[in-house]
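Listed below are the residues making up each chain.
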Amino acid sequence: MSWKACVATSAGPTGFGPMLFAGRVRECIEVSRELGFGGVEISLRRPDELDRGELEALLRAARLELAALASGRMILEEGLSLADIDERGRARAVARIEELTDYGAAFGAPVIVGLVRGNKPPDGDLDGALERFVESMRECADHAAERGVGIVVEAINRYETALLNTAAQTVAAIERIGRPNVAVLLDAFHMNIEEVDVGAAIRATGARLGHFHLADSNRHAAGLGHIDFEPVVTALADAGYEGWLSAEVLPLPSDRAAAEQHARFTTSLSEPSRVS
Ligand code: LER
Ligand code: MN
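Quick caveat: nothing in here was measured; it's all calculated off a predicted structure.

**Focus: the coordination of the manganese ion (ligand 2)**
- The coordination sphere of the manganese ion (ligand 2), as far as protein atoms go, consists of E154 (OE), D187 (OD), H213 (ND1) and E248 (OE), spread over 2.1 to 2.2 Å.
- Around the manganese ion (ligand 2), the six donor atoms sit at angles spanning 70 to 170°, and that spread fits a shape best called octahedral.
- For the manganese ion (ligand 2), the single-chain donor residues occur in sequence as E-x32-D-x25-H-x34-E. With a gap of 33 residues between them, E154 in strand 5 (residues 151–154) and D187 in strand 6 (residues 182–187) connect regions that are remote in the sequence. Taken as a pair, E154 and D187 share a single burial class, namely buried.

**Some thoughts on the site of ligand 1**
- All residues adjacent to ligand 1 are F16, L115, E154, I156, E160, D187, H190, H213, R219 and E248.
- R219 is positioned such that a nitrogen or oxygen atom in its side chain is 2.8 Å from an oxygen atom of ligand 1.
- Contact with the protein chains hides 94% of the accessible area of ligand 1, taken as 250 Å² for the molecule alone.
- Counted by class, the shell around ligand 1 contains three nonpolar, two polar and five charged residues.

**Comments concerning the side chain of R117**
- Structurally, R117 can be placed in the loop between strand 4 (111–113) and helix 5 (126–146).
- For the buried residue R117, which engages in no salt bridge, the nearest side chain bearing the opposite charge is E154, 6.0 Å off.
- Of note is the side chain of R117, whose polar atom sits 2.2 Å from the backbone oxygen of E154.
- Excluding residues that lie within four positions of it along the chain, R117 makes contacts with S81, L82, A83, F133, E154, A155, I156, T161, L163 and L164.

**Quick look at the sheet that holds strand 6**
- Ordered in space as 1-2-3-4-5-6-7-8, the eight strands form a closed barrel in which the pairing is parallel. Taken over all neighbouring pairs, the strand axes of this sheet differ in orientation by 30° on average, direction set aside.
- Examined bridge by bridge, strand 6 and strand 7 (residues 209–213) share four bridges and lie parallel to one another. Paired with L186 across the two strands is F212, which belongs to strand 7.
- Contacts from helix 10 (residues 255–268) reach strand 1 (4–10) and strand 8 (244–247) within the one sheet, and its direction differs from that of strand 1 by about 160°.

**So, the packing of helix 1 (residues 25–35) against helix 10**
- Put simply, helix 1 and helix 10 touch, their axes get as near as 10 Å, and they point 35° apart. Helix 10 is crossed by helix 1, and the crossing has right-handed handedness. Between helix 1 and helix 10, the residues in contact are V31, E34 and L35 and R256, A259, E260 and A263, respectively.
- Partitioning the contact of helix 1 with helix 10 into residue classes produces four nonpolar, no polar and three charged.

**Structural notes on the packing of aromatic side chains**
- This structure, assessed with the given rule, holds two aromatic pairs.
- Seen from their ring centres, F229 and F265 are 5.2 Å apart, and the 70° between their planes marks the pair as edge-to-face. Of the two residues, F229 is situated in helix 9 (residues 229–238) and F265 in helix 10; the sequence distance between them amounts to 36 residues.
- Exposure remark for F265: the relative accessible area of 1% places this residue in the buried category.

**Thoughts on the pattern of salt bridges**
- For the structure on display, the rule yields 26 salt bridges.
- The partner of R33 in a salt bridge is E30, and the shortest N-O contact between them spans 2.7 Å. In this pair, R33 and E30 are both assigned in helix 1, three residues apart and thus about one turn of the helix distant.
- A residue is classified by how much of its surface remains accessible, and R33, at 39% relative accessible area, is partly exposed.
- Relative accessible area serves as the criterion here: at 38%, E30 is assigned to the partly exposed category.
- The partner of R203 in a salt bridge is D238, and the shortest N-O contact between them spans 2.8 Å. In this pair, R203 is assigned in helix 8 (residues 198–205) and D238 in helix 9, connecting sequence segments 35 residues apart.
- R203 sits in the partly exposed class, given a relative accessible area of 40%.
- Residue D238 is classed as partly exposed on the basis of its relative accessible area of 49%.

Definitions and limits used
Residues numbered from 1 in each chain as written. Chains lettered and ligands numbered in written order. Predicted model: local features only at pLDDT ≥ 70, side-chain atom pairs only at ≥ 80, totals over all residues. Heavy atoms only, no water. Donors = N, O, S within 2.8 Å, 3.2 Å for Na, K, Ca; no water. Tetrahedral: all angles 85-135°; square planar, octahedral: opposite > 155°, others 65-115°. Helix = DSSP H or I, 4+ residues; strand = E, 2+ residues; numbered from the N terminus. Buried < 20%, exposed > 50% of the residue type's maximum accessible area, 1.4 Å probe, protein only. Near = heavy atom within 4 Å. Polar contact = N/O pair within 3.5 Å; in protein donor to acceptor, adjacent residues only side chain to side chain. Areas by Shrake-Rupley, 256 points an atom, 1.4 Å probe, with all protein chains shown as cover. Nonpolar A, V, L, I, M, F, W, Y, C, P; charged D, E, K, R; others polar. Lys, Arg positive; Asp, Glu negative; His and termini not counted. Salt bridge = Lys/Arg side-chain N within 4 Å of Asp/Glu carboxyl O. Contact = heavy atoms within 4.5 Å. Pairing = 2+ DSSP bridges. Axes fitted to C-alpha atoms, helices over the stretch in contact; angles between N-to-C directions. Left-handed = near helix turned anticlockwise from the far one by under 90°. Phe/Tyr/Trp six-rings, centres within 6.5 Å; stacked < 30°, edge-to-face > 60°.

Spelled out as structure tokens, the structure:
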């Protein structure tokens, strides 16, 4: 198994809870280096929030990669949505994702499309919203392809969005988008709510799985809740997944303790007993 471990942080302070060292990227990189992670996932609302040259220097010094750039804060904090019923709003969301893509491309990192996909529209027409999302994604994916990077679309539980809750819905959406540089992001926390069989859903996603958020049932670091990770890990191996196991988790009992638990858990995966 050749998974790489990282934690998810935020370039700026945020009301979005499951981030470690939010607004403290420098500290997050330092702790990640110390704990032996391979990279860091960063939630970026806009490119000027974090100087790219400075990030390059910090990552180079710590010998870490940029695992992915998350985009959820642009809807949570600015209301930008890829399924916006207002054409100018939709265009603004596409343009911002493209700006993040340009930023990520310097590191070879994909952009994560999570909540920025949008939610139930004012006219209640979910099919219409999905159609606008698919159109937006084609524009974003073509822009990303020109820069040699990808985009990953996350399945998110029903209490956060009405669009794309399960792995199967997300796979169907990326097939409809029809661009080879668009993959699926699965998050164990959301899967624990939405999937009938988490292992089967991972296996069915198969080669379309591009990124994985590792969090437990309570959104603490894996091992601190009640998800049975043995079938999850087995399914990731069966799916041939070789990407990141990124801890998008609450900073509980503290940022550092959560990061240490993620390090312990991911290290245990390469040991004979596998899951601790
Ligand atoms: C983001 O990765 C996520 O999991 C959602 O809960 C919010 O964007
Ligand atoms: Mn997630």
